[in-house]
Amino acid sequence: MSLDARNDHGVPELTARVVRAAFPKGALAVRVREALGPLFADESFAEAFSRRGRPAVSPGALVSVLQYAEGLTDRQAADQVRAPMDWKYLLGLELDDPGFDFSVLSDFRARLIEHGLEDRILEVILQRVSEVGLLRSGGRRRTDSTHVLAAVRTLNRMEFVGETLRAALEALAAAAPQWLEAVITSEWVHRYGARVDSYRFPRGDNARQEWAEQVGRDGFALLEAVHAPASPGWLRQIPAVQVLARAWIEQYHRDQEGVRWREGKDLPPARQRLSSPYGSRCPLRPQARRGLVRLQSPPERDV
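These figures come from a predicted structure and were not determined experimentally. (Residues numbered from 1 in each chain as written. Predicted model: local features only at pLDDT ≥ 70, side-chain atom pairs only at ≥ 80, totals over all residues. Heavy atoms only, no water.)

(A) Seen up close, the packing of aromatic side chains. Under the counting rule described, the total for this entry stands at four aromatic pairs. Taking the centre distance of 6.3 Å and the plane angle of 65 degrees together, the rings of Phe220 and Tyr252 count as edge-to-face. In this pair, Phe220 sits in helix H11 (residues 205–226) while Tyr252 sits in strand S1 (residues 252–255), placing the two residues 32 residues apart along the sequence. Taking the relative accessible area as the measure of exposure, Phe220 reaches 13% and is therefore buried. Taking the centre distance of 5.1 Å and the plane angle of 45 degrees together, the rings of Trp248 and Tyr252 count as tilted. The residues Trp248 and Tyr252 share a single accessibility class, namely buried. One aromatic cluster is present, formed by Phe220, Trp248, Tyr252 and Trp261 through successive ring pairs. Over the ring of Phe102 we find Arg75, and its NZ or CZ is 4.3 Å from the ring centre. Taking NZ or CZ as reference, Arg254 lies 4.3 Å from the ring centre of Phe220, over its face. (Phe/Tyr/Trp six-rings, centres within 6.5 Å; stacked < 30°, edge-to-face > 60°. Helix = DSSP H or I, 4+ residues; strand = E, 2+ residues; numbered from the N terminus. Buried < 20%, exposed > 50% of the residue type's maximum accessible area, 1.4 Å probe, protein only. Lys NZ or Arg CZ within 6 Å of the ring centre and 35° of its normal.)

Below, the structure written as structure tokens:
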């Protein structure tokens, strides 16, 4: 097939030319754009945005679909919009498009739910794939898009609890390194040594639940160590430790059966619970995201 035979469906000329050169055999995002064209128009969701005041930023519903498909958090999805060329091709963006702040995505989902538009994304996709002959009558499909929104929310919660625990460990590593060496193991360094926003979380509900519960158990173990009678009392006053304690109350159950995610109505209202370890409902500050110090593996101890 010659390059000219492929339909770019309105992708900017420079973006199309560079992506064609970089992906001569195509890529998933490229093939989706070629087959389906631009899926979502801002007008499809206009009723969820105010016509007065400062114009709202539209991330495009397709970003939510992509982040669900690739298992990305909001922050990771926003980074993808800024970086990979194949995403820019799929979204119909110029190569130098700066993208948007990751908080736009959570605001977009909240607006969908508030205005009862959860089904709109799926409806648009089904209509388009039917038009191009990729979906035939008589097949089975989900009846709404809520599973997509729920999966993305779970990923963002996983990023939040993981980074909250990592922030507490970094603060303790700076304030009481010898105390921390006696508490953590090499497995903790492997799990929390790098920023959580660099993770690609496991796929599958069971694997994600296992990951989240492991982080929960580690967090409770750290809090127990901080509050142990032999530990210095001032450790409990470290802000990152106090944030950890509050976040674990909001995000987890712990009883005789173990540690479990809170779900649904068992969670505090979104407006009241923490969304970042570096301040209530605010993005991570760059200096904090770099970490205070790098966690070091504790020395091997005789047992």
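(B) Structural view of the pairing of strand S2 (residues 258–261). As judged from the four bridges shared by S1 and S2, these two strands associate in the antiparallel manner. From the neighbouring strand, His253 faces S2, where its bridge partner is Arg260. Counting the residues between successive antiparallel strands, the hairpin from S1 to S2 contains two residues. (Pairing = 2+ DSSP bridges.)

(C) Region of the structure containing helix H4 (residues 74–82). Within H4, seven of the nine residues are buried, which leaves it mostly tucked inside the rest of the structure. For H4, the set of buried residues is Asp74, Arg75, Gln76, Ala77, Ala78, Gln80 and Val81.

(D) Focus on the nonpolar core. Residues Leu172, Trp179, Leu222, Trp248 and Tyr252 are the most contacted members of the largest nonpolar core, which totals 38 residues. Put simply, the parts of the chain that give this core at least two residues each are helix H8 (146–175), helix H9 (177–181), helix H10 (186–192), H11, helix H12 (239–251) and S2. With ten residues, the single largest contributor to this core is H8. With 23 residues, the next largest nonpolar core counts Leu36, Leu39, Phe40 and Leu66 among its residues. (Core = buried A, V, L, I, M, F, W, Y, C linked by side-chain atoms within 4.5 Å.)

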